[in-house]
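# Commentary on secondary and tertiary structure
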Amino acid sequence: DVQQAVERFFAADNGAGVHEQSGSGEAYVPPPQPQRSERLLQPVVATRQRNVNSNLWTGTGLANMFKEPEDIMFHGSFEEAADEAVSRNVWLLVNIQDLKEFKCHQLNRDVWGDDLVHDIVASQFVFWQQKADSVFGQWFCGFYKVSRFPYIAAVNPRTRLITRV
């Protein structure tokens, strides 16, 4: 019977679920727990120090992955590059890059960094790569009306006319 079970429960617990101390009739209240302060998580001590002076774009890492093809680039003015192409009897391949455009970095990594493309460009062209904000790059962009980057063009070195864009 449910009624009897409830009465027995309250009779055993003295009606409030609180135990009486023997003989006093007062409700037993346990003593307070001592106060303590602990950390749940210990502080993490960094084992690797960041080099504040390091530049991600120099040395290894990203710089190496997106590096310009220095070994096939012609260093000099557009006129000097065209004259070199005439003397070698090859075409002039022009690449103007804006370093704020990630596509320019991808071009260095995926196209100029490819071994087959690298070999073809080195043997069949004088390769002239400039940054859009360099003196030579600004001159070329102004003279040939270049406004989108990366810019690639095959130039006839004798006439200085752009044959393919």
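Scroll up for the structure.
Described in the following lines is the structure provided in the data block. (Residues numbered from 1 in each chain as written. Predicted model: local features only at pLDDT ≥ 70, side-chain atom pairs only at ≥ 80, totals over all residues. Heavy atoms only, no water.)

Right, let's get into unusual backbone geometry. Backbone geometry follows two general trends: most residues other than glycine have a negative phi, and most peptide bonds adopt the trans configuration. Between Phe-149 and Pro-150 the backbone carries a cis peptide bond, its omega angle lying at 0°. Summarising the element assignment, Pro-150 is placed in the loop between helix H6 (135–143) and strand E3 (151–155). In this model, Asn-89 sits at a positive phi of 60°, which is unusual for a non-glycine residue. With relative accessibility at 61%, the residue Asn-89 sits in the exposed group. Its identity is not glycine, yet Lys-145 carries a phi of approximately 55°, on the positive side. Among the secondary structure elements, Lys-145 is positioned in the loop between H6 and E3. (Helix = DSSP H or I, 4+ residues; strand = E, 2+ residues; numbered from the N terminus. Buried < 20%, exposed > 50% of the residue type's maximum accessible area, 1.4 Å probe, protein only.)

When you tally the buried positions in E3, you get four out of five residues, the bulk of the element. Sheet topology places strand E1 (residues 91–97) next to E3; five bridges connect them, and they run antiparallel. When the sheet's bridge partners are listed, Leu-93 is paired in E3 with Ala-154. (Pairing = 2+ DSSP bridges.)

Once that is clear, we can look at helix H4 (residues 102–112). For H4, the complete set of buried residues consists of Cys-104, His-105, Leu-107, Asn-108 and Trp-112. Mapping the buried residues of H4 onto a view down its axis gives an arc of 150°, with all of them on the same face. Against the buried residues of H4 lie E1, helix H5 (115–124), strand E2 (125–131) and E3. (Arc of directions from axis to C-beta. Contact = heavy atoms within 4.5 Å.)

None of the figures reported here should be taken as evidence of function without further support.
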